[in-house]
Amino acid sequence: MVKKKCVAMLLAGGKGSRLNSLTKELAKPAVPFGGKYRIIDFTLSNCTNSGIDTVGVLTQYQPLLLNSYIGIGSAWDLDRKDGGVTVLPPYAESSEVKWYTGTASAIFQNLNYLKQYQPEYVLILSGDHIYKMNYEKMLDYHIEKRADVTISLIEVPWAEASRFGIMNTNEELRITEFEEKPSNPKNNLASMGIYIFNWNILKEYLEMDDRDPNSSHDFGKDIIPLLLDEHKKLYAYPFKGYWKDVGTVQSLWEANMDLLGEECDLDLFENEWRIYSVNPNQPPQYLSPDAIVKESMINEGCTIEGKIEKSVLFQGVTIGKNTIIKESVIMPDAEIGNNCLIEKAIVPGEVKIPDGTVIRSLDDEIILVTEEMLNGLYPAI
Amino acid sequence: MKRKLLGVIDATTYHEDLEDLVNHRSLAALPFGGRYRIIDFILSSMVNSGIRSVAIFPKMQYRSLMDHLGSGKNWDLNRKRDGLFFFPSPIVESDENKIGSFEHFAANMDYFNRSTQEYAFISNCNTIINMDIAPIFEWHNEAQCDITEIRHQDGRSMEMYLIKTSLLIKLIEKRHETGYTCMKDVVTDLSAAYTICHYEYNGYAVTIDSIDNYFSTSMKLLDSKVWKQLFLKEQPIITKVKDEPPTKYVQESVVNNAMIANGCHISGTVENSIIARGVKIGKGAVIKNCIIMQKCQIEENCYLDSVILDKDVKVEAGTYLTGTAHAPYVIRKGTKQGALMNS
């Protein structure tokens, strides 16, 4: 094997249980976003755009779709002779099957994957977030600071700081304290779950953590506090830009709506930092003489005969006559009949909505359309 | 049928009537339908019909065609065995639109000799079609034909032929003795010593050979009866993937009866038009009955009616450009149109 300077480990086992029925059959990183993407496309595209060509993707929960989606990584230009993308599911050893019990145990069980590349640095990522980031700059910073570990941080609103893992630093941005979900936060710099480790430190501490029976084997809860206790050099890397955890139906909807403004913080059109995805190869979208489309994003393969306002439509969606879609997200291949009204809702992929259906929220809560709802088992309105 | 057929696409066709659009590219690579190149239609038909070995015979100006096809990966033709082959013509002077020129084939005899496929399906490159070749193959064998020419239901030849590879090799080798220079010569020779059959194709098929029919065929795509015959879920027309984001519309956007590809920014009005990938249309601009190719930029308050903009054209704010349904105004690739230039 050719030695690699930096290898990325992408944690993609997230269950995303607050996304309700959207993650019933697929892992959170595979949830559709932004009209043509899946959440994991952002992290994989960041890797390839940052010049990182060796990525281990750790899957566990509902991996079927995610595994086939990633394939050999060609969509992200990660089908390489040396390195490239490797899906790393949990495996059985002679004595037992080892499920990934925490983020640290997932990496620990794949130390052999890392050992074959003998990397100098390991970049730990999560496949749950929407953002564009140049990891190469973070690595340069890590090297310049001669850090043992560098953690990427983002400023969050003070009111929300107690929901995150908060880092306190000195003036040189060296991390002095880490507090997981503090009730009285001293700072509003939250961990984005992106770490760069020196390989030796990572290996040593993961092995140490594995021997600790009281550990929950989590980077935030166990590894980082242990490193701080031992006075290792942990530095904060402040990130500026769009970053969103789309962990709930509400935040998934919000992140989609964020794309629609004329000035949006997440520029999907930027040529120098393309977000790649598996392309469905469908014909151009067709807008009939009756179609009205305002402030929306629409993907290939859609057929639109109704009115679309402030909405995001994925590939292959059909919208019937006199139908109004407002402030909604319609996922791939959904078919919406004539004379429907859908407002503030997320319609999952391949759902068929019959003519005349009205789905709208009476409060401001976003409706996630389900089969049960359409079968009339309980009313949507 | 899968391993029995070779696909041969003759991409040497040149029509003077298309000059403005093909002076820098092979006709096979002419953009069509917002995101395709003309060759995608026959190539996808072949691949969807199970053909696993396709040879392209291009002539001049094949840079854009090679760029488009690449290794054949998008059509799943980047294979260890068989796959996509490219045989540019060694003959510089034009060979007057002979589909399946034996001289051109003769320069690449090794391909035919090495192929294990028993039959060859030869086609031109400029037909807009989504065709299943399997029924033709069965028909050809049942009728015990030597050569089948595919004809449209109106009787005209579609410049597509089905022939045994061994017979094709023989025709190429004996071209000087027989005087046959191409497939057309053989099928139009009434005294030919072969059983020549005509298969009648009833599906949608248009051969692009002039700006006029390029324009009208494109406009007919907006008729759902037409595009439903071309864009089938089970037999997709495959093209080069571009990784463009979905198309974005703003508050002022007005669109009706339009086909719009990905990666566009539509801030103006689009009516009865086909808009390709990555096009920007500014506020207050009105685009009617137009074909706008990839990456064109149309600034604010322009008015375009019956215009074909080739790739990378920039139209400056306030420009007024019009053509007619039978003589669309064609603007060449990469040029800039200013408001004052046409006044």
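Just above, that's the structure.
This write-up is about the structure you can find in this document. Note that the structure is predicted; figures quoted are calculated from it, not measured. (Residues numbered from 1 in each chain as written. Chains lettered and ligands numbered in written order. Predicted model: local features only at pLDDT ≥ 70, side-chain atom pairs only at ≥ 80, totals over all residues. Heavy atoms only, no water.)

1. A few points about the overall build of chain B
Line of reasoning, step 1. When helices and strands are counted, chain B shows eleven helices and 25 strands.
Line of reasoning, step 2. Taken against the 2.2 N^0.38 rule, which gives 20 Å for 343 residues, the C-alpha radius of gyration of chain B at 21 Å falls within 12% of a compact globule.
Line of reasoning, step 3. In terms of overall dimensions, chain B has a C-alpha envelope of 65 × 40 × 40 Å along the principal axes.
Line of reasoning, step 4. Within chain B, the fraction of its 343 residues that count as buried is 57%.
Line of reasoning, step 5. Within chain B, contacts between residues at least 6 apart in sequence are counted, and of these 56% link residues at least 24 apart.
Line of reasoning, step 6. Charged side chains of chain B number 39 positive and 41 negative; the gap between the two group centres comes to 7 Å. (Helix = DSSP H or I, 4+ residues; strand = E, 2+ residues; numbered from the N terminus. Rg over C-alpha atoms; globule rule 2.2 N^0.38 Å. Buried < 20%, exposed > 50% of the residue type's maximum accessible area, 1.4 Å probe, protein only. Contact = heavy atoms within 4.5 Å. Lys, Arg positive; Asp, Glu negative; His and termini not counted. Charge placed at Lys NZ, Arg CZ, Asp CG, Glu CD.)

2. Brief notes about the layout of surface pockets
Residue and element names in this part refer to chain A.
Line of reasoning, step 1. Taken as a whole, the largest pocket encloses approximately 1,600 Å³ of empty space.
Line of reasoning, step 2. What lines the largest pocket is a set of 46 residues, among which Lys28, Ser126, Asp128, His129 and Asp245 lie closest to the centre.
Line of reasoning, step 3. Where the lining of the largest pocket is concerned, the elements lending two or more residues are α3 (103-108), β10 (149-155), β12 (175-180), β13 (189-198), α7 (219-229) and β15 (243-245).
Line of reasoning, step 4. Among the residues forming the lining of the largest pocket, the class breakdown is 15 nonpolar, 18 polar and 13 charged.
Line of reasoning, step 5. By volume, the second largest pocket is sized at about 1,000 Å³.
Line of reasoning, step 6. If you trace the second largest pocket, you find 29 residues lining it, with Leu26, Leu65, Pro348, Gly349 and Glu350 closest to the centre. (1 Å grid on protein atoms, 1.4 Å probe; cavity = no way out; pocket = protein on both sides within 12 Å on 5 of 7 lines; lining within 4 Å. Points joined across faces, edges and corners; volume = space filled by probe spheres on them. Nonpolar A, V, L, I, M, F, W, Y, C, P; charged D, E, K, R; others polar.)

3. Section: helix α6 (residues 199-211) of chain A
Residue and element names in this part refer to chain A.
Line of reasoning, step 1. Under the 1.5 Å per step criterion, the end-to-end length of α6 is 19 Å for 13 residues, consistent within 8% with the ideal 18 Å.
Line of reasoning, step 2. Buried within α6 are the following residues: Trp199, Ile201, Leu202, Tyr205, Leu206 and Asp209. One side of α6 carries all its buried residues, which in axial view fall inside an arc of 155°. Opposite the buried face of α6, at more than 90 degrees from it, the exposed residues are Asn200 and Arg211.
Line of reasoning, step 3. Check the buried side of α6 and you find it contacts α3, α4 (111-115), β8 (121-126), β10, β13 and α7. (Expected span 1.5 Å × (residues − 1). Arc of directions from axis to C-beta.)

4. Some details on the pairing of strand β4 (residues 53-58) of chain B
Residues and elements named next belong to chain B.
Line of reasoning, step 1. In terms of residue burial, β4 counts as a mostly covered element, since six of its six residues are buried.
Line of reasoning, step 2. Going residue by residue along β4, you find Ser53, Ala55 and Phe57 tucked away on one face and Val54, Ile56 and Pro58 tucked away on the opposite face as well.
Line of reasoning, step 3. Sheet topology note: the strand β1 (residues 5-11)/β4 ladder contains five bridges and is parallel. The residue of β4 that forms the bridge with glycine 7 is valine 54. (Pairing = 2+ DSSP bridges.)

5. Section: empty space enclosed by the protein
Residue and element names in this part refer to chain B.
Line of reasoning, step 1. Scanning the model with the defined rule gives two cavities of 30 Å³ or more in all.
Line of reasoning, step 2. Reported here for the largest cavity is a volume of approximately 170 Å³.
Line of reasoning, step 3. Along the wall of the largest cavity there are 23 residues; nearest its centre are Pro31, Arg35, Tyr36, Arg37 and Gln294.
Line of reasoning, step 4. Elements with a contribution of two residues or more to the lining of the largest cavity: β2 (31-32), β3 (36-37), α3 (63-69), α10 (211-220) and β18 (291-292).
Line of reasoning, step 5. Here the lining of the largest cavity gets three residues from one element, more than from any other, and that element is α3.
Line of reasoning, step 6. Looking at side-chain class alone, the lining of the largest cavity contains nine nonpolar, seven polar and seven charged residues.
Line of reasoning, step 7. There is about 40 Å³ of room inside the second largest cavity.
Line of reasoning, step 8. Looking at side-chain class alone, the lining of the second largest cavity contains no nonpolar, two polar and seven charged residues.

6. Here we look at the interface of chain B and chain A
Line of reasoning, step 1. Opposite the 39 residues of chain B that make contact, chain A presents 38 residues.
Line of reasoning, step 2. Interface of chain B and chain A: buried area, both sides summed, is about 3,200 Å²; carbon and sulfur atoms make up 50% of it.
Line of reasoning, step 3. Remark: the boundary between chain B and chain A carries five salt bridges.
Line of reasoning, step 4. If you look at where chain B meets chain A, you find 25 residue pairs in polar contact (both at pLDDT 80 or more).
Line of reasoning, step 5. Where the side of chain B that touches chain A is concerned, the elements lending two or more residues are β12 (247-249) and β13 (254-260) of chain B. (Buried area = accessible area lost by both parts, 1.4 Å probe. Salt bridge = Lys/Arg side-chain N within 4 Å of Asp/Glu carboxyl O. Polar contact = N/O pair within 3.5 Å; in protein donor to acceptor, adjacent residues only side chain to side chain.)

7. Observations concerning α7 of chain A
Line of reasoning, step 1. For α7 of chain A, the set of buried residues is Phe219, Gly220, Asp222, Ile223, Ile224, Leu227 and Leu228 of chain A.
Line of reasoning, step 2. Between a side-chain oxygen at the N-terminus of α7 of chain A and the backbone nitrogen of glycine 220 of chain A the separation is 3.0 Å; the capping residue is aspartate 218 of chain A.

Such coordinate-based values are descriptive only and should not be taken to indicate function.
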